[in-house]
Amino acid sequence: MARRGYHHGDLRATLITLASAHIAREGVETLSVRALAKEAGVAHRAAYQHFPDKDGLIAAVLTEAYDALAERCAAEAAHAKTVEERLQAAARAYSDFSAAAPQLFLAMTGPRVNQSGAHKGLEAALARAWRYIAGPIGEGVDAGLFTLGDKRTAAAIFWGGLVGVLSQAALGRLKLKATEREAFVDVVASRLIAGLTA
């Protein structure tokens, strides 16, 4: 394969794009910085200058993924007014994202990357996506809509229930037709919201 010339910053972006495509096809387990360097047509040492290890590359991919998820959440929530509508919007955004990129979604919601907190950009992106659930949950708690007074626990219950269902769909254990997916996710979100008000 002919090697390509890269200007500063281009190789990093190329590696992230290639890694994202690899994860979408095969998941994170077989991801290799060295293999992606070969695919990009550069020496592996050049790739390691940007990503010394696999975790750093995965963190970069997930940072972009969480930002994309946050954008979906923002678009869905644009016309939502009530707490319930905003949570329904977030659920649809999560569902749409997981349907479009199931392996990437599993990487985002599986074993946590960045336990050390070294990748600040990933934590910031995760927080941007998280606020579309934590925000309305917190407002619901403050307004007395939810009986559970702990905002963090309430948000974790909603997020965990939603992600659990969507992960099973992404794994193929829960079979959802495209035509029924939105209605199904609306019901799931409604039941999760109802559980917080019980």
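Residues numbered from 1 in each chain as written. Predicted model: local features only at pLDDT ≥ 70, side-chain atom pairs only at ≥ 80, totals over all residues. Heavy atoms only, no water.

On to helix H5 (residues 83–100), then. The first and last C-alpha atoms of H5 sit 26 Å apart over 18 residues, in line with the 26 Å expected at 1.5 Å per residue. Listed as buried for H5 are Val-83, Leu-87, Gln-88, Ala-89, Ala-90, Ala-91, Ala-93, Tyr-94, Ser-95, Phe-97 and Ser-98. (Helix = DSSP H or I, 4+ residues; strand = E, 2+ residues; numbered from the N terminus. Expected span 1.5 Å × (residues − 1). Buried < 20%, exposed > 50% of the residue type's maximum accessible area, 1.4 Å probe, protein only.)

A word on the environment of Tyr-48. Mapping Tyr-48 onto the fold places it in helix H3 (residues 44–50). Look at Tyr-48 and you get partly exposed, because its relative accessible area is 29%. A C-alpha to C-alpha distance of 30 Å links Tyr-48 and Ala-100, two positions 52 residues apart in sequence. Not counting chain neighbours up to four residues away, the residues in contact with Tyr-48 comprise Val-33 and Arg-34. (Contact = heavy atoms within 4.5 Å.)

What follows covers the side chain of Thr-63. Position of Thr-63 among the secondary structure elements: in helix H4 (residues 54–77). On the accessibility criterion, Thr-63 (18% relative accessible area) is buried. If we skip the residues at most four places from it in the chain, Thr-63 touches Gly-121, Leu-122 and Ala-125.

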